[in-house]
Every structure is written in C-alpha cells, then in structure tokens.
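This is what each chain is made of:
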Amino acid sequence: MTVSSVPHPYFDRLIDLARAAGPVTVALAHPCDRHALEAALHAARLGLISPILVGPRARIERAAAEADLDISALPLHDTEHSHASARRAVELVRDGSAAILMKGSLHTDELMGAVVAADTGLRTARRLSHCFVLDVPGRDEPLIITDAAVNIIPTLSDKVDIVQNAIDLAHILRFPEVRVAILAAVETVNAKMPSTIDAAALCKMADRGQITGALVDGPLAMDNAIDPEAAAIKDLVSPVAGRANILVAPDLEAGNMLAKSLSFMANAAAAGIVLGARVPLVLTSRADSLAARLASCAVAVLVAQSRLTGVKTLGL
C-alpha cells in the first residue's frame, strides 16, 4: 500500500507488518480537531489500532461533525479539559485498557506531565526519549534520529538511555546491523566542544558493555556519518562512519532541525515515537501529514506487540 505521493517503500512495508500484528488499543488523548480524529479513524480502518477517544465529548463530536467524520463506533471517555484528558488517557494505559498512548490536539507538555507524574504516570527506570524513524528517498535502509522532541539539553547520563532506546527500537524493527553515529560538528575530540567529549565517552561505554546491541562511533560530523566517500576522504576507518543508520544529535534543537530538514527538503517520511515509558507514546504534530501519522502508529504497534508478546517483529 502507498500512503504518500512520494514512494516510501520501507514505510509501506512497515504499515503492512503492523497491520498483520495489530490492531492494538490506543488511548487517544484530547482529539479535538480534524487532524487527530482523521488519523485515528484512518489507522483504525487499516486495522492498525483500536482507538479510545479521551476528551470533552461536545468538542470531539463538534470537530467530527465539522470534518464529516463518523466516530459513532468509537468508545469515548468524557473529560472536562486537556489536563483531565491526559490524566484519563494515562489511567487507561495503567489499568491495561490500552497498550499505546497517543497525543491528540493538546500541548505535548500537558500529555508528558501526566506521563512523568511520580505516582500515577508511566515512567520506568529508563529515561524517556524521542526517535524519528525516517524513510529517506535514495537511501537503501531506514534512518533513526534521536532525540528531537523530549530531552532539550541531555546530559551524558541522559544520552546513555537515548542511545539505548534507539538501539532497542532498531532491533524491534529488525535492522540487520545497528550502526550508531554520535553526531557533532567535527569528527575529532575537542575539549572546547562538550558534544565531542560526550561522544567519546559513549563510545567507550559501548566498548565496556554499558550500551549494548550496536556498533557505536563518534564524534562524527553529519557528512562522514552517512556518506562513505566523505568518511574515506577523512581517512576514517570505522564500521559506522559513512554507514550509520542511527544518528544521535547533541541536543534537541540539532536533532529537530535535522529531522525536519530531511522531511521538508528531502521528501523523507518521518514516524515519531517516544520510548522509555511503560508503553510507546505517539507524539504527532498538527503539521504532520496523514502518512506520517499512520507510520507513527505503525511503529508504535510494532513496539507494543513486541512488548506484549516478547517476540521481535519481522524485518524491514
């Protein structure tokens, strides 16, 4: 199947795999606009998810009517406002009624506030982090970029979990080999550039088994992380340089700009997911296309099914 006018073969297959694995029940927090409802209904029709709508009934029904969308078959939990929607959606996950949490039309901070609440949230020992899974035209495999939405200025300790979350996702998606590039502006360690110090430390931590499941190298600049010729010109001898399929940004701003540049300037399709909580979180933006929302649902379904069954998915 095709979900975009630009060919994205990996995402087409990802959605087909998720359809075979699904549907998975999703708590959709505060879907009070056309975009959130349309995506949920489309994903439900494809057999990806079974949505539970959580939000003010009158607002949701008005948005559905204005968009000519039929939500009569979907369960709806009535709430007073967006904060209550976030709390109730998290409760549905905690009591086992849903295996995925999805953002509707509320602010990300409102949803994440409920997720990280000390006694009633969904936190684990792992740091929460965001991954974009991108299908970039011209590349022969998917690309993961992290973190572009949750950790603003991550510490070295934060980056350990950010890297491990991305590696775990790559294994769920069955990358044949996971190759992690820790990005910086340069490929040499420079005491005046903290990102290069962090990169060197992360690589040593991978050597000592504190990060597992992947080949890790850095610091690497963007060009010599993904382009074999650029890596060869710099005489970089590494199984990662020029061949990375996970890119770890030094901070949120860099990661966000990198992912959105690929989406809006290179026609990449981007699926976004937050890992590190009890269940996968789908954080979509109003600017996301329907294709991006469906792909995000597909990734979340595969993660949720992997956790529920303990079985890895088929490969992309």
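Below, the structure is looked at part by part.

Examining the overall build of the chain
Inference 1: Along the chain, the regular secondary structure elements total 11 helices and 11 strands.
Inference 2: In terms of C-alpha radius of gyration, the chain reaches 19 Å, essentially the compact-globule figure of 20 Å for 316 residues.
Inference 3: Dimensions along the principal axes, computed over C-alpha positions, put the chain at roughly 60 × 45 × 35 Å.
Inference 4: Across the chain, every contact between residues at least 6 apart in sequence was considered, and the portion connecting residues at least 24 apart equals 72%.

Concerning the side chain of Asp161
Inference 1: Relative to the assigned elements, Asp161 resides in helix H6 (residues 156-172).
Inference 2: For Asp161, which is buried and forms no salt bridge, the nearest opposite charge comes from Arg126, at a distance of 4.0 Å.
Inference 3: From its side chain, Asp161 meets the backbone nitrogen of Arg127 in a polar contact 2.8 Å long.

Let's talk about the environment of Arg59
Inference 1: With respect to the secondary-structure elements, Arg59 resides in helix H3 (residues 57-66).
Inference 2: In the structure, Arg59 is positioned 192 residues away from Asp251 in sequence and 37 Å away in space, judged by C-alpha atoms.
Inference 3: Setting aside residues no more than four positions away along its own chain, Arg59 makes contact with His30 and Cys32.

Examining the pairing of strand E1 (residues 24-29)
Inference 1: With five of six residues buried, E1 is to be regarded as a mostly interior element.
Inference 2: Across six bridges, the pairing between E1 and strand E2 (residues 49-55) is parallel. Directly across from Val26, in E2, lies its bridge partner Pro51.

Observations concerning the nonpolar core
Inference 1: In terms of nonpolar packing, the biggest core is built from 68 residues, with Leu48, Ile144, Leu169, Val180 and Ile246 touching the most fellow members.
Inference 2: For Leu48, the residues in contact, after removing those within four places along its chain, are Ile15, Ala18, Arg19, Gly22, Pro23, Val24, Ala43, Leu294, Cys297, Ala298 and Val301.
Inference 3: In terms of nonpolar packing, the next biggest core, distinct from the first, is built from 23 residues, Leu106, Leu128, Val279 and Leu281 among them.

Considerations on the environment of Ile15
Inference 1: With respect to the element layout, Ile15 can be found in helix H1 (residues 9-21).
Inference 2: Considered as a pair, Ile15 and Leu48 are 33 residues apart in the sequence and their alpha carbons are 7.9 Å apart.

As for the pattern of salt bridges
Inference 1: Applying the stated rule across the entire model yields 12 salt bridges.
Inference 2: Put simply, Glu61 and Arg57 hold a salt bridge, and the shortest N to O gap is 3.5 Å. Of this pair, Glu61 and Arg57 both sit in helix H3, separated by four residues, roughly a single helical turn.
Inference 3: Judged by its relative accessible area of 40%, Glu61 is partly exposed.

Reading guide: rules and limits
- Residues numbered from 1 in each chain as written.
- Predicted model: local features only at pLDDT ≥ 70, side-chain atom pairs only at ≥ 80, totals over all residues.
- Heavy atoms only, no water.
- Helix = DSSP H or I, 4+ residues; strand = E, 2+ residues; numbered from the N terminus.
- Rg over C-alpha atoms; globule rule 2.2 N^0.38 Å.
- Contact = heavy atoms within 4.5 Å.
- Buried < 20%, exposed > 50% of the residue type's maximum accessible area, 1.4 Å probe, protein only.
- Lys, Arg positive; Asp, Glu negative; His and termini not counted.
- Salt bridge = Lys/Arg side-chain N within 4 Å of Asp/Glu carboxyl O.
- Polar contact = N/O pair within 3.5 Å; in protein donor to acceptor, adjacent residues only side chain to side chain.
- Pairing = 2+ DSSP bridges.
- Core = buried A, V, L, I, M, F, W, Y, C linked by side-chain atoms within 4.5 Å.

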